[in-house]
Amino acid sequence: MQEGSAAGAASAYCSPAMAEPKQTYDPATIEPKWQQFWREHDVFRARNPGDPDFDPAQPKFYALDMFPYPSAAGLHVGHPEGYTATDIVSRWKRAKGCNVLHPMGWDAFGLPAEQYAIQTNTHPAETTAANIATFQRQLQRLGFSYDWNRELSTADPKYFRWTQWIWKQLFARGLAYESNAPVWWCEALGTVLANDEVIDGKSERGDHPCERRPLRQWVLRITDYAERLLRDLDGLDWSESLKTMQREWIGRSEGAEIDFDVDGHAEARIRVFTTRPDTLFGASFMVLAPEHPLVGAITTPAQRAAVEAYQKKAAAKSELDRTDLAKEKSGVFTGAFAHNPLFPKGDPRGRMPVWIADYVIVTYGTGAIMAVPAGDERDFAFATQFGLPIPGIFAPQTGDAAKDAAIASGGLCCSEDVPFAAHNTNGELSIAGLGMAEAKRKVVDWLLRKGCGTSKVTYKMRDWLFSRQRYWGEPFPVLHTQDGVELVPDADLPVELPRMEDFKPGGVPESPLIRARDWVSTKDHKGRPAQREINTMPGAAGSSWYFLRFCDPHNDREFCSKAASDYWLPVDLYVGGTEHAVGHLLYSRFWTKVLHDQGCVGVVEPFHKLYNQGMIQAFAYEDARGAVVAMKDVKEVGDDAFHAQSGEKLKRIVTKMSKRYGNVINPDDVVNEYGADTLRLYEMYMGPLADSKPWNPKDVPGVFRFLQRSWRLAVPEFAEKGVVHEWLQQDRQGDPAIEKALHRTIHKVDGDIERLAFNTAIAAMMIFVNEATKATEKLSRGQLLRYAQLLQPFAPHIAEELWQRLGGQGLLARAAWPKVDPALLVDDEIELPIQVNGKLRGRCVVANGADKDTVLAAARAAVADQLDGKQVVKEIVVPQKLVNFVVK
RNA sequence: GCCGGAGUGGCGGAAUCGGCAGACGCACGGGUUUCAAAAACCCGCGCCGCAAGGCUUGCGGGUUCAAGUCCCGCCUCCGGCACCA
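The numbering scheme is per chain: residues are counted from 1 as the chain's sequence reads. Chain letters and ligand numbers both follow the written order, the letters beginning at A and the numbers at 1. Only residues with pLDDT of 70 or above have their local features reported here, since the model is predicted, and side-chain atom pairs are shown and tallied only from 80 upward, although totals for entire chains, interfaces and linings are computed over all residues. The side-chain numbers reported here are obtained from all heavy atoms of the structure, hydrogens and water having been left aside.

1. Digging into the overall build of chain A
Reasoning step 1: Numbering of helices and strands runs from the N terminus; a helix is a DSSP stretch of H or I covering at least four residues, while a strand is a stretch of E covering at least two. Within chain A, the secondary structure is distributed over 28 helices and 35 strands.
Reasoning step 2: Each principal axis of the C-alpha distribution contributes one length, and for chain A these read about 105 × 95 × 70 Å.
Reasoning step 3: Element-wise, carbon and sulfur atoms account for 51% of the exposed surface of chain A, whose accessible area totals about 39,400 Å².
Reasoning step 4: Charged-residue counts in this description rest on Lys and Arg as positive and Asp and Glu as negative, His and the chain ends being excluded. Charged side chains are reduced to one point each, which is NZ for Lys, CZ for Arg, CG for Asp and CD for Glu. A gap of 2 Å separates the mean positions of the 104 positive and 116 negative side-chain charges of chain A. Computed with the Shrake-Rupley method and a 1.4 Å probe, the accessible areas treat only the protein chains shown as cover for residues.

In structure tokens, the structure reads:
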């Protein structure tokens, strides 16, 4: 323990050398004691239907944390933030009579474990086991009320046996397929990555450059579920911003596909996707993605060299460069002409040059567009740059004549809903005067009749790239035989990883498993030679269904019994960071829906209420140039900070914790110095759960002092006076003022936990303790027992200790939530602020429920000097709130 | 560029439905206690002003008896998306 710290000083008093034994609040003694007691008595075990002591009358509550990835760095202070929040809710729900499922496990497969294993030259299985042990020890000393009987690890064969089984179900439903399409390859990580793991052409983890490369991969057909993944968001209790992120990721757009003939190429038809089929009359050229398969066939000899050069340049560009150069459009004419289906063959109005340009993306829609410069900013920019025609199609009436004229002539681009001009006709079809919606309908109907177009919905979301070229992941239960792909029978699951000494990526795109020759070569079901799949599953595989396994973690016949998941699902409260907004949360929803369709799970959505905690940040100091100075070079003097070497005055900023800055707070240190209850309480007291907020070491002793004051309310300084104060040793009537304060506090804390406003709940308890401290000897045993009940979800150890000392019945962790008497929430007399012309001028005390005239009379008397000689034009009386006189 | 969220004392934050702005904590100042210090406890603490009083929730307008809260226009910060046809 650190010298001079609050708790450190406290334990010094407890040293045996002291003549009189003091009873100081000493978390180092009481916390391990209660943790051990709770574990030994299995206090937080959740009951499943069918368990001997299961009570069907009890409501269930499933409180879930995003389980951690057990990194070598150990627990970060960010972890206990969300974990404390769900623990408070879990303990509170138990007190309210719920059967609570609050489990914890380990997301143990994945790249970092393998990277770390390579660095330290130890096997990932060993480092992972060691990291799990550390995380477990760190979490267990925080006193979370997890049902540790349900602990699981995704890297445990007993677990991933079922990950493999679920994958087989996906395969059987046609939702898993092999593909050779270009994928994101990251050289530094030696693997391919899914779309959501690549940000601006760099890997999300490690920020390494990535490139598109064709490699054989397993892919899951999540796009088949796009519509349901979108639609079912509506019923979820998630933040709107998170739902928006998912909606945008799914990226639904409604429009039409239209076919264009290519002059002189009877076999070639260019199919485009457009959200504005109504603007077809304004289409003046076509643009294909450089990678579009038709480019080679339609390019004229004269343009071939230029087109191929452009294609080469586009291929060399990463997606990042492509968007970086977005300011200026680039492209090349193919020499070919397509024909607008609105006009008869040969009609010059339908003649459209075909270009290639990298602003058209091959993987979205059909990889080709019809360009309507009058109605699309990008097409407008392209047409302007290359001198292509911009036919005007609109007849706007905005009231701004100059603007209207510019739009009508095609001199100004307009993507809004404005009426079409009279010339939008081909004789058969006219949309003159129509708005967007009606014109769309008419054009698509006409195209449909002519057989060259149809309405169509597309999604931005791509299929889920579901394999990695790495060792430390779930093997696929698949063999490659001479007849093709063959599934490993259920009876042979799990397919375990071979024990390998060298699992480093070997500079080849293939997984290191390719070197495990004895493992790779096997026999198919006919006994003929076959090869195992050497790709492994991505990190998100195991985490896509762990919430299901928690319902029935020891089942060795099924991944989870239907009865168990029917009882527990959906998760009632799921807390974690925003970083999983599209990845994990979308994948889990997808797997749940597939398992639902399979009849294995009743719900269609796994997480009813989802809450994103903010980030815990830290202070750092930067110099005049804006460079962050590492904490070891910072000298703090009072409120100011200086550079230790140069003496330069530094500016305090708030930023993320980082090893480089040396501002990382280790939860273990905080527990050692102040105890787990203080850590939990401080993290909840910092501010709203959803906000990002900086860790301020100076604030921590404040909450410690609060716990100490709570302790002092019950426990005398010297042991000879008893385990609690003399006046608490038997029951008696408590002070009525304290009783009222207590009821108000219970009411406030109850409501605040409900809305996850833990900071204000703690403030309410502090107010109670401040009031109670002023009247310590008037407190009754019953009052303090109820206070301990309130404190229990937040600071369970001290609360349990106080409960025991006060002689509470049984365990506090199992005690019911205290009752509020509504009669005690109202005051007999209330003080009203009195305003004159909206400014506070006085106060008066009236009986609660006094009639308006009584209140007015008292109010007038209280501000008589202000009203003197003035005329009152209006009197506003808001019952229970205030009085306002408007005077002249 | 588009879509979210936010901006309140020296600091973290509170104000849940338009009704006393600044709860609670930190820091700071004063006091009690002490040989002294720490701890503990008590008092004070938005800004200007000796005071009376005035001003104050990023900025500018508006609605209202009353605006941190509602409306309009801007500024700044954070997050997400970003040539998605």
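2. Some points on the nonpolar core
Reasoning step 1: By size, the foremost hydrophobic cluster in this structure holds 183 residues, and its most contacted members are Y62, Y546, F559, F590, W695, F758 and F794.
Reasoning step 2: For this core, the leading source of residues is helix α24 (residues 758–773), giving nine residues.
Reasoning step 3: Contact between two residues is taken to exist if any of their heavy atoms lie within 4.5 Å; hydrogens are not considered. Excluding residues within four positions of it along the chain, Y546 makes contact with L64, D65, M66, F67, L152, Y159, Y574 and H584.
Reasoning step 4: Residues belong to one nonpolar core when they are buried, are Ala, Val, Leu, Ile, Met, Phe, Trp, Tyr or Cys, and are joined through side-chain atoms within 4.5 Å. Relative accessibility under 20% of the residue-type maximum defines a buried residue, over 50% an exposed one, and the middle range a partly exposed one, all with a 1.4 Å probe and only protein chains included. Formed by 42 residues, the second largest nonpolar core is a distinct cluster that contains V262, A338, I407 and W446.

3. Observations concerning the protein's contact with RNA strand B
Reasoning step 1: The near set for a molecule or strand comprises every residue that places at least one heavy atom within 4 Å of it. Looking at RNA strand B, there are 56 residues lining it, with T275, Y364, R378, K748 and R843 nearest.
Reasoning step 2: Near the protein, within 4 Å, the atoms of RNA strand B are sugar or phosphate in 60% of cases.
Reasoning step 3: The element that contributes the greatest number of residues to the surface near RNA strand B is α24, accounting for six residues.
Reasoning step 4: Among the residues forming the surface near RNA strand B, the class breakdown is 20 nonpolar, 13 polar and 23 charged. Classification convention: Asp, Glu, Lys, Arg as charged; Ala, Val, Leu, Ile, Met, Phe, Trp, Tyr, Cys, Pro as nonpolar; all other residues, Gly among them, as polar.

4. With respect to the sheet that holds strand β24 (residues 573–576)
Reasoning step 1: Taking strand neighbours across the sheet as the criterion, the four strands line up as β2-β1-β24-β25 in an open arrangement whose pairing is parallel. Only two strands of the sheet have a single partner each, and these edge strands are β2 (99–101) and β25 (610–612). Ignoring which end each strand starts from, the neighbouring axes of this sheet average 20 degrees apart.
Reasoning step 2: The sheet contacts of helix α3 (residues 78–95) involve β1 (60–65), β2 and β24, and relative to β1 the element is tilted by about 170 degrees. In short, DSSP must find at least two bridges between two strands for them to pair. For every element, the axis is a line fit to its C-alpha atoms; helices are fit only across the contacting stretch, and the angle between N-to-C directions ranges from 0 to 180 degrees.

5. Structural notes on the sheet that holds strand β20 (residues 478–481)
Think of a sheet as strands paired side by side through backbone hydrogen bonds, with each pair either parallel or antiparallel.
Reasoning step 1: A sheet is described by the order of its strands in space; here four strands give the open sequence β21-β20-β23-β22, paired in antiparallel fashion. Of all the strands in the sheet, just β21 (484–487) and β22 (521–523) have a single pairing partner and so form its edges. Geometrically, the sheet is characterised by an average inter-axis angle of 45 degrees between neighbouring strands, direction not taken into account.
Reasoning step 2: Direction of pairing for β22 relative to strand β23 (residues 529–532): antiparallel, over a ladder of three bridges. Residue pairing for β23: T522 is matched across the bridge by A530.

6. What about the environment of S710?
Reasoning step 1: Mapped onto the secondary structure, S710 falls in helix α22 (residues 700–714).
Reasoning step 2: Judged by relative accessible area, which is 1%, S710 ranks as buried.

7. Points about the packing of α3 against helix α21 (residues 676–685)
Reasoning step 1: It is the contact of α3 with α21, at a shortest axis distance of 9 Å, that shows an interaxial angle of 100 degrees. Comparing their axes, α21 and α3 come out roughly perpendicular. Note on element contacts: α21 touches α3 through L679, R680, E683 and M684, opposite P80, E81, T84, A85, D87, I88 and R91.
Reasoning step 2: The residue makeup of the contact of α3 with α21, split by class, is five nonpolar, one polar and five charged. We call two directions roughly parallel when the angle between them is under 35 degrees, roughly antiparallel when it is over 145, roughly perpendicular when it lies between 65 and 115, and oblique otherwise.

8. So, the environment of T274
Reasoning step 1: Mapped onto the secondary structure, T274 falls in strand β13 (residues 265–274).
Reasoning step 2: Residues T274 and A368, 94 residues apart in the sequence, show an inter-C-alpha distance of 9.4 Å.
Reasoning step 3: Look past the residues within four positions of T274 in its chain and what remains in contact with it is G255, A256, I258 and M370.
Reasoning step 4: Within the local environment of T274, its side chain forms a polar contact with the backbone nitrogen of R276, the two atoms lying 2.9 Å apart. Polar contact is the term for a pair of N or O atoms within 3.5 Å; when the atoms are in protein, one must be able to donate a hydrogen and the other to accept it, and sequence-neighboring residues count only if both atoms are side-chain atoms.

9. What about the side chain of D623?
Reasoning step 1: With respect to the helices, strands and loops of the structure, D623 is situated in the loop between β26 (616–622) and β27 (628–629).
Reasoning step 2: In this structure D623 comes out as buried when scored by relative accessible area, which is 11%.
Reasoning step 3: Those residues in contact with D623, other than ones at most four positions away along the chain, are V629, E648 and L650.

10. What to know about the pairing of strand β15 (residues 332–339)
Reasoning step 1: Judged by how many residues are buried, β15 sits mostly within the fold: six of eight residues are covered.
Reasoning step 2: With two bridges joining them, strand β12 (residues 252–262) and β15 adopt antiparallel strand pairing. In the sheet register, D261 faces β15, and the bridge partner there is H339.
Reasoning step 3: Of the strand pairs in this sheet, β15 and strand β16 (residues 351–356) are connected by five bridges, and their pairing is antiparallel. In the strand pairing of β16, V332 is matched with I356.

11. Quick notes on the packing of aromatic side chains
Reasoning step 1: In summary, the pairing rule links any two rings of Phe, Tyr or Trp, Trp by its six-membered ring, whose centres are within 6.5 Å, and it sorts them by plane angle into stacked for under 30 degrees, edge-to-face for over 60 and tilted for everything else. Applying the stated criterion across every chain yields a total of 49 aromatic pairs.
Reasoning step 2: Consider the rings of F285 and F382, whose centres lie 5.7 Å apart with planes at 25 degrees: the pair is stacked. Of the two residues, F285 is situated in strand β14 (residues 285–288) and F382 in helix α12 (residues 377–386); the sequence distance between them amounts to 97 residues. Here F285 and F382 have matching classes, each one buried.

12. Regarding the side chain of N884
Reasoning step 1: For N884, the location among the structural elements is in strand β35 (residues 882–887).
Reasoning step 2: With a relative accessible area of 13%, N884 lands in the buried category.
Reasoning step 3: There is a polar contact of 3.1 Å between the side chain of N884 and the backbone nitrogen of G838.

13. Quick word on the domain arrangement of chain A
Reasoning step 1: Residue ranges labeled as domains rest on an automatic or database domain assignment. Partitioning chain A into structural domains gives domain 1 (181–215), domain 2 (252–459), domain 3 (615–664), domain 4 (711–821) and domain 5 (827–887).
Reasoning step 2: Each of domain 1 and domain 2 has a C-alpha centre, and these two points are 32 Å apart.

14. A few points about unusual backbone geometry
Reasoning step 1: Residue L493 is joined to P494 through a cis peptide bond whose omega torsion reads 0 degrees.
Reasoning step 2: With an omega of 0 degrees, the peptide bond running from L569 to P570 counts as cis.
Reasoning step 3: Tracing the backbone shows P570 in the loop between α18 (562–568) and β24.
Reasoning step 4: Phi angles above zero are rare outside glycine, and N121 is one such case at about 55 degrees.
Reasoning step 5: For N121, the position within the fold is in the loop between α4 (111–120) and α5 (124–140).

15. Remarks on the pattern of salt bridges
Reasoning step 1: Any Lys or Arg side-chain nitrogen found within 4 Å of a carboxyl oxygen on Asp or Glu counts as a salt bridge. The final tally for this structure, using the stated rule, is 58 salt bridges.
Reasoning step 2: In this structure, K593 and D232 form a salt bridge, with 2.4 Å as the shortest nitrogen-oxygen distance. Remark: D232 occurs in the loop between α7 (226–231) and α8 (240–250) and K593 occurs in helix α19 (residues 583–597); sequence separation between them is 361 residues. Here K593 and D232 have matching classes, each one buried.
Reasoning step 3: R276 is the partner of D278 in a salt bridge, and the nearest nitrogen-oxygen pair spans 3.0 Å. Across the pair, R276 and D278 agree in class, each one buried.
Reasoning step 4: A network of salt bridges, in which partner residues are shared, links E257, D259, D261, R269, R271 and K345.

16. Here's the deal with α8
Since there are 3.6 residues in each turn of an α-helix, residues three or four apart along the chain are aligned in direction.
Reasoning step 1: Within α8, the full set of buried residues consists of L242, K243, Q246 and I250. For α8, the angular spread of the buried residues around the axis is 100 degrees, confining them to a single face.
Reasoning step 2: Lining the buried residues of α8 we find α7, β12, β18 (453–459), α19 and β25.
Reasoning step 3: Positioned one or two residues after α8, G251 has a phi angle of 60 degrees, which is positive. Comment: arc refers to directions from the helix axis out to C-beta atoms.

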